[in-house]
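# Observations on the three-dimensional arrangement
The lines below spell out each chain.
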Amino acid sequence: MSVFNWARGATGFRRRFSNLVKRTFFKYVPRSTRLTLYRSLFKCDQSLPDNLTFKIADTQEELEACLTLLHDAYVSSGFMKPDPSGMRVTVFHALPTTTTLCAKVGDRVVGTVSLIREGPFGFPLQKIFNLQSLREKGGAIAEVSALAVESSYRRQGGYILFPLMKFMYEYAVTFFDVRHLVIAVNPRHIEMYEALLLFKRLQMRPVESYDFVNGAPAVGATLDLVEAPKIYKRMYGHRSPDKNLYHYFKKLKLQNIKIPARRFFTTNDPVMTPELLDHFFNKKTECFSSLEDHERARLHMIYDLPKYHQVLPKFSGDPIELRRQHHSRFSYKCPGIFIFSTDDGKITQVVLEVINITKRGFVASIPPSSDFRLNQKGRVEIQLGPNEISRSSSCATSDLEHGLYAFRLETPDTIWRKFSAGLSKGSIKIDLDNATQFLETTGSRFDTRSVEW
């Protein structure tokens, strides 16, 4: 259940609030007043001890600790039955579009939350909540899920919880290429999300039974990350820093948060090697063996590399047909410019946003331009990373509608060839760096600020 354990992770916060309830007959207070009271109790630490760190869980030990912590929290809440493995493992944890974040005190994991971006498996709550209004606004959607804080830290208010949420917010905005966060929470806790993080309920009635968490009731809610800064500033901007979520999320820099270093503008951080998949989904649990045939086939579409074949569950489909339905393990969002000469000899350029890469071409979105046309030849410069720019002659070959165009590269340069090879042959993030480790950097980032969309 998405973020079901937030309230459990903030026991100290709830204890103060419970006392307030007793004094004011809280349940009889108007809803707007209740939300205001929630905000009045919010407080976040502006500095944290050096031994408290927040990072992506990317080792077997960290992932196992996160899944164990999650299992114990869900069992104690009645959201799942005890599993023989002592872990809560779902197929979503196997996907490269899922990132698990963790909080650690020294070497001990004390908090965790996962972001599940939409992919071949979708995400849990879309089975029961209508997301059409979000899709009409555009932008990627991710579900916030699998949140848990170790019991010994739940009594310390938001000591672990709030910086973990800050990490999640920064990661989603900066690296995960997500516009909409969605959650499914217990009806008892929904007002906390509405009051503090300003989530808005999805337009439907509360679900009476949510199978993903053992049939517990659920309410869906969403946060638009494009609109959130303006709303946070309006709601919190006048408050002191320790009670100002706008300052906390947008201005405060916590050295305890370890944002992953990326050589390229990829937007996910796959960590599942064949060994990790085998450990968690075959040996420790029966997750893979319990999948339906079409789900097994989708895993093969994602991990279409020989080294994964022996650990993935077998399926009854056509392997050849499957290869035609390839799903990339890496997602990315690369800026670029296309420079060309118009009919009257004028040199002009349009801004690109590259969303798909092959060995000999790419797909990019282009803002409306009266000068740009199909079969236009020119030169393309694509910023594959902070210090890597690919430069090649190119031609726009197809209009894919909705502002998307396919381009063919005449002679891809070295960095393009190595990067595209890394995308096709790599399985985790470090594979991209290894595939391009002998490349020299190509200078600073080009400037597209003068080009109007």
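Just above, that's the structure.
In short, a report on the structure. Bear in mind that the values here come from a model prediction, so they are computed numbers and not experimental data.

Quick notes on the rules
Residues numbered from 1 in each chain as written. Predicted model: local features only at pLDDT ≥ 70, side-chain atom pairs only at ≥ 80, totals over all residues. Heavy atoms only, no water. Axes fitted to C-alpha atoms, helices over the stretch in contact; angles between N-to-C directions. Helix = DSSP H or I, 4+ residues; strand = E, 2+ residues; numbered from the N terminus. Parallel < 35°, antiparallel > 145°, perpendicular 65-115°, else oblique. Left-handed = near helix turned anticlockwise from the far one by under 90°. Contact = heavy atoms within 4.5 Å. Buried < 20%, exposed > 50% of the residue type's maximum accessible area, 1.4 Å probe, protein only. Pairing = 2+ DSSP bridges. Nonpolar A, V, L, I, M, F, W, Y, C, P; charged D, E, K, R; others polar.

## Re the packing of helix α3 (residues 31-41) against helix α8 (residues 190-197)
For any two helices packed against each other, one specifies the inter-axial angle together with the distance between the axes. At a minimum axis distance of 8 Å, the contact between α3 and α8 shows a crossing angle of 65°. Between α3 and α8, the angle falls in the class roughly perpendicular. Crossing handedness for the pair α3 and α8: right-handed. Side by side, α3 and α8 meet where Arg31, Arg34, Leu35, Tyr38 and Arg39 of the first sit next to Glu191, Met192, Glu194, Ala195 and Leu196 of the second.

## Thoughts on the pairing of strand β11 (residues 361-365)
Burial analysis of β11 places five of its five residues in the buried class, which makes it a mostly covered element. Along β11, one buried face is formed by Gly361, Val363 and Ser365 and the opposite face, lined by Phe362 and Ala364, is buried too. In this sheet, β11 lies alongside strand β10 (residues 347-357) in antiparallel orientation, the contact comprising four bridges. Of the residues in β11, the one forming a bridge with Ile357 is Phe362. Counting the residues that bridge the hairpin from β10 to β11 gives three residues. Pairing of β11 with strand β14 (residues 404-409) involves five bridges; the strand directions are antiparallel. Residue pairing across strands places Phe362 opposite Phe407, the latter belonging to β14.

## Observations regarding the environment of Glu275
Mapped onto the elements, Glu275 comes out in helix α11 (residues 274-283). Here Glu275 falls in the exposed class, since its relative accessible area comes to 57%. Taking the C-alpha atoms as reference points, Glu275 and Val311, separated by 36 residues in sequence, lie 8.1 Å from one another.

## So, the sheet that holds β11
The six strands lie next to each other as β9-β10-β11-β14-β13-β12, forming a closed barrel whose pairing is antiparallel. Within the sheet, the average angular offset between the axes of one strand and its neighbour, ignoring direction, is 45°.

## Structural notes on the side chain of Asp269
Within the secondary structure, Asp269 sits in the loop between α10 (245-251) and α11. With a relative accessible area of 4%, Asp269 lands in the buried category.

## Focus: the packing of helix α4 (residues 60-77) against α11
At a minimum axis separation of 11 Å, α4 and α11 run at an interaxial angle of 25°. Classified by the interaxial angle, the pair formed by α4 and α11 is roughly parallel. In this structure, α4 meets α11 at a crossing whose hand is right-handed. Of the residues in α11, those in contact with Gln60, Leu63, Glu64 and Leu67 of α4 are Leu276, His279 and Phe280. For the contact of α4 with α11, the residue count by class is four nonpolar, two polar and one charged.

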